Amino acid sequence: MSDRDAAFQVYFAARSDAMRGTAYLLCGDWHRAEDLVQQTFTKIYLVWHRIQRHEAMDSYTRQTLVRTFLSERRRGWFRHESVGPLPTDQAAPSGDRADERLVLLEALAKVPPRQRAVLVLRYWEDLSVEQTAAMLDCSAGTVKSQAARGLATLRGLLEEERVR
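Residues numbered from 1 in each chain as written. Predicted model: local features only at pLDDT ≥ 70, side-chain atom pairs only at ≥ 80, totals over all residues. Heavy atoms only, no water.

Undergrad: What's the story with helix α2 (residues 30-47) in this structure? I'm lost.
TA: Residue pairs three or four apart in sequence face the same way in an α-helix, which turns once every 3.6 residues. Between the first and last C-alpha of α2 there are 26 Å, a value that for 18 residues agrees with the 26 Å anticipated at 1.5 Å per step. Between a side-chain oxygen at the N-terminus of α2 and the backbone nitrogen of His31 the separation is 2.7 Å; the capping residue is Asp29. (Helix = DSSP H or I, 4+ residues; strand = E, 2+ residues; numbered from the N terminus. Expected span 1.5 Å × (residues − 1). Polar contact = N/O pair within 3.5 Å; in protein donor to acceptor, adjacent residues only side chain to side chain.)

Undergrad: Sorry if this is basic, but what is going on with the layout of surface pockets here?
TA: Leftover empty space is mapped by rolling, across the atoms, a probe with the size of a water molecule. Of the pockets and cavities examined, the second largest pocket occupies roughly 280 Å³. Lining of the second largest pocket is provided by Leu25, Arg101, Leu104, Leu105, Leu108, Leu119, Val120, Tyr123, Trp124, Leu151 and Leu154. Elements with a minimum of two residues in the lining of the second largest pocket: α4 (97-110), α5 (113-124) and α7 (140-163). Looking at the lining of the second largest pocket residue by residue, the class counts come to ten nonpolar, no polar and one charged. (1 Å grid on protein atoms, 1.4 Å probe; cavity = no way out; pocket = protein on both sides within 12 Å on 5 of 7 lines; lining within 4 Å. Points joined across faces, edges and corners; volume = space filled by probe spheres on them. Nonpolar A, V, L, I, M, F, W, Y, C, P; charged D, E, K, R; others polar.)

Undergrad: How should I be thinking about empty space enclosed by the protein in this particular structure?
TA: Applying the stated criterion across every chain, the model contains two cavities of 30 Å³ or more. A volume near 70 Å³ is recorded for the largest cavity. Elements represented by at least two residues in the lining of the largest cavity include exactly α4 and α7. A total of four residues in the lining of the largest cavity trace back to one element, the largest contributor, which is α4.

Undergrad: So what exactly am I meant to see when it comes to the environment of Trp124 here?
TA: Along the chain, the position of Trp124 falls in helix α5. Residue classification places Trp124 among the partly exposed residues on the basis of a relative accessible area of 48%. The spatial distance from the C-alpha of Trp124 to the C-alpha of Thr22 is 7.8 Å, given a sequence separation of 102 residues. Discounting chain neighbours no more than four positions away, the residues touching Trp124 are Thr22, Leu25 and Leu119. (Buried < 20%, exposed > 50% of the residue type's maximum accessible area, 1.4 Å probe, protein only. Contact = heavy atoms within 4.5 Å.)

Undergrad: Would you mind going over the packing of aromatic side chains with me for this structure?
TA: How two aromatic rings sit relative to each other is set out by the distance from centre to centre and by the angle between their planes. With the rule as written, the count across this model stands at seven aromatic pairs. Judged by centre distance (6.2 Å) and plane angle (70°), the rings of Phe8 and Phe41 are edge-to-face. Here Phe8, found in helix α1 (residues 3-27), pairs with Phe41, found in helix α2; they are 33 residues apart in sequence, far enough to count as distant. Summarising the aromatic geometry, the rings of Phe8 and Trp48 are spaced 5.3 Å apart at their centres and angled 80° between planes, so their arrangement reads as edge-to-face. Here Phe8, found in helix α1, pairs with Trp48, found in the loop between α2 and α3 (57-75); they are 40 residues apart in sequence, far enough to count as distant. Of the residues examined, Trp48 reaches a relative accessible area of 5% and is grouped as buried. (Phe/Tyr/Trp six-rings, centres within 6.5 Å; stacked < 30°, edge-to-face > 60°.)

Undergrad: Would you explain the pattern of salt bridges in this entry?
TA: For side chains of opposite charge, pairing can occur when their charged atoms come near one another. Counting across every chain of the model gives seven salt bridges. Here Arg15 and Asp58 are joined by a salt bridge, their closest N and O atoms 3.1 Å apart. Of this pair, Arg15 sits in helix α1 while Asp58 is found in helix α3, placing the two residues 43 residues apart along the sequence. By relative accessible area, which is 22% here, Arg15 ends up partly exposed. Given the relative accessible area of 28%, Asp58 is considered partly exposed. A single salt-bridge network, built from bridges that share partners, covers Asp17, Arg20 and Glu34. (Salt bridge = Lys/Arg side-chain N within 4 Å of Asp/Glu carboxyl O.)

Written out as structure tokens, the structure is:
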């Protein structure tokens, strides 16, 4: 195994789980998240020999992941089909943190992809407005407006769920 392959293997082992979590927040499906992470790391591997600053790899990998997600959504390669809500045997106890997390993740999956990407980068990955703008190749103003719209959409969806 070459030094290049060994270095990539170490990086993949260290960061793939974190990227899988981010991918899940973007797409809302663990299988799709796994595919996005695989595509992302394949792209990273192909340019690994040209990368000079390995200390900036997390940012580059995250950017590649988000752009891969947004690109596929634009091209329509992945079509989300919903078969309706899954039946439950009994209602979960109210106030349960796990239940709240599931409701939040379900609502996040309904936010438009670009807004969802901004929300995940800003509030899950804890990136600044400027870092998010650079990652999405847009202006800081666009990030701010997409974040505001995304949060408004998310609040509306959560309010609808609370009323039910």
